[in-house]
Amino acid sequence: MSSGFSSIASVIGELNLPGMEGRLFIKRDDLIHPIVSGNKWRKLKFVIDRAKLVGKSHLVTFGGAYSNHMVATACAGAVLGMKTSCFLRADEDINNHYLQCARLYGMELIPTSRESYRNKKALYELHFGGNEQTYFVGEGGESEEAKSGVSEIITELDNEPDFIVHASATATTAAGLARGIIQRGWKTTILAVTVLKNAEEQRQKLKEQGLENVVQVIDDFNFGGYAKTNAELMDFIKSFIAKTGIMIDPVYTGKALYALEKIKPGGNVLFLHTGGTLGIFSDRFLQTKL
Ligand SMILES: *Cc1c(COP(=O)(O)O)cnc(C)c1O
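Summary of the structure given here.

Analysis parameters
- Residues numbered from 1 in each chain as written.
- Predicted model: local features only at pLDDT ≥ 70, side-chain atom pairs only at ≥ 80, totals over all residues.
- Heavy atoms only, no water.
- Core = buried A, V, L, I, M, F, W, Y, C linked by side-chain atoms within 4.5 Å.
- Buried < 20%, exposed > 50% of the residue type's maximum accessible area, 1.4 Å probe, protein only.
- Helix = DSSP H or I, 4+ residues; strand = E, 2+ residues; numbered from the N terminus.
- Contact = heavy atoms within 4.5 Å.
- Pairing = 2+ DSSP bridges.
- Axes fitted to C-alpha atoms, helices over the stretch in contact; angles between N-to-C directions.
- Salt bridge = Lys/Arg side-chain N within 4 Å of Asp/Glu carboxyl O.
- Parallel < 35°, antiparallel > 145°, perpendicular 65-115°, else oblique.
- Left-handed = near helix turned anticlockwise from the far one by under 90°.
- Nonpolar A, V, L, I, M, F, W, Y, C, P; charged D, E, K, R; others polar.

### Side note on the nonpolar core
Looking at soluble globular proteins, one finds that nonpolar side chains tend to be buried together.
So, step 1. One finds Leu24, Ile237, Leu257, Leu260 and Phe271 to be the most contacted residues of the largest nonpolar core, which totals 33 residues.
So, step 2. Contributing elements (two or more residues each) for this core: strand E2 (24-28), strand E7 (163-168), strand E8 (189-194), helix H9 (231-244), helix H10 (253-263) and strand E10 (269-273).
So, step 3. The leading source of residues in this core is H9, at 6 residues.
So, step 4. With near-sequence residues (within four places) excluded, isoleucine 237 lies in contact with Ile248, Asp249, Pro250, Gly254 and Ile280.

### A short note on unusual backbone geometry
So, step 1. We note that alanine 171 has phi near 70 degrees; this positive angle belongs to a residue other than glycine.
So, step 2. Residue alanine 171 is classed as buried on the basis of its relative accessible area of 3%.

### So, the sheet that holds E7
So, step 1. Strand order in the open sheet formed by 6 strands is E1-E2-E10-E7-E8-E9, with mixed pairing between adjacent strands. Pairing within the sheet leaves two strands with one partner each, and these edge strands are strand E1 (12-15) and strand E9 (215-218). Averaged over all adjacent pairs, the angle separating strand axes in this sheet is 25 degrees, with direction ignored.
So, step 2. Across 4 bridges, the pairing between E8 and E9 is parallel. Looking at E9, one finds that alanine 192 is bridged to valine 217.
So, step 3. Helix H7 (residues 172-183) contacts E7, E8, E9 and E10 of the sheet and is inclined by roughly 160 degrees relative to E7.

### So, the sheet that holds strand E3 (residues 58-63)
So, step 1. With respect to topology, 4 strands assemble into an open sheet ordered E5-E4-E3-E6, the strand pairing being parallel. The sheet terminates laterally at strand E5 (108-112) and strand E6 (134-136), the two strands that pair on one side only. On average, adjacent strands in this sheet sit at an angle of 25 degrees to one another, irrespective of strand direction.
So, step 2. In this structure, E3 lies alongside E6, joined through 3 bridges in parallel fashion. Directly across from histidine 58, in E6, lies its bridge partner threonine 134.

### Description of the side chain of threonine 73
So, step 1. The topology assignment puts threonine 73 in helix H2 (residues 68-80).
So, step 2. Accessibility expressed as a relative area gives 0% for threonine 73, which makes it buried.
So, step 3. When residues no more than four places from it in sequence are discounted, the contact partners of threonine 73 are Leu44, Leu59, Thr61, Thr84 and Met107.

### Structural notes on the pattern of salt bridges
So, step 1. Tallying each qualifying case throughout the model produces 12 salt bridges.
So, step 2. With a shortest N-O distance of 3.1 Å, arginine 179 and glutamate 144 are connected by a salt bridge. Taken together, the residues span a long stretch of sequence, with arginine 179 in helix H7 and glutamate 144 in helix H6 (residues 144-155) at a distance of 35 residues.
So, step 3. The partly exposed category is assigned to arginine 179, whose relative accessible area is 25%.
So, step 4. When salt bridges with common partners are traced through the structure, they connect Lys27, Asp29, Arg42 and Glu156 into a single cluster.

### Concerning the packing of H2 against helix H3 (residues 97-104)
Helix-helix packing is described using two parameters, namely the angle between the two axes and the distance between the axes.
So, step 1. At a minimum axis distance of 8 Å, the contact between H2 and H3 shows a crossing angle of 15 degrees. Taken together, the axes of H2 and H3 lie roughly parallel to each other. Where H2 crosses over H3, the handedness of that crossing is left-handed. Contact residues: Asn68, Met70, Val71 and Ala74 in H2; Tyr98, Leu99, Cys101 and Ala102 in H3.
So, step 2. By residue class, the composition of the contact of H2 with H3 is 7 nonpolar, 1 polar and no charged.

Following this line, the structure appears as structure tokens:
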């Protein structure tokens, strides 16, 4: 790919989960990069191509203190020789490993009150209005280009799965996958496991794009909200990692794999590991006794 990382690293392996009928495969988008979430890279690829095409050298984006998108944008800037800035929905003095990574990649962080954070166009105008070099990248990388980037996952597959299961938050990944499925004329159903309490919003977005027949939004495994967990989920994650050697996190892939094991869809199933490994090193999970 033109944008620095190669998706060739995203290999497919076979997995054994107890009680699954049919075969279960895992596509390792987590291997695209050791720190950057695979799906955030997929979502940024064409956004960055577009920014470069229109002659921009400075990416400006938005995120919370635990944003995989922020870190991905910072890293992309470092790889591609572009400047990066991020409006941070957080207090001045907050610090964690996401922010440290973003800083190490050379990103400028601009702490912003929750209130002014709401109006992103206004913030952008205030700080970068009239700057010819900056390029606005939406929060979480949500865009048409993002869906095109994700749909490349489907073009990389040799066989048509009956189901693709993945962790879903904004339904951008789900929409990109669904487009790829339609383009190939496949009958695959996407099971988008919501990791926060916004299933209706996700369903609505998919419906507006005419994708509701391809994606089923699964809402029973959000564990009470974004980054919320319980002992059962943490036990599941621990035992999965110990059995497979594949790192998963409690915010995204842990919930989606837990859901997969409970739902047990039949036939050929492909689990998409979207990355997000930084999540396992967050303070709140480090305090969990494993
Ligand atoms: C952001 C993210 C998701 C959710 O992707 P959406 O396109 O917002 O649904 C899933 N997994 C990981 C690891 C992520 O970082």
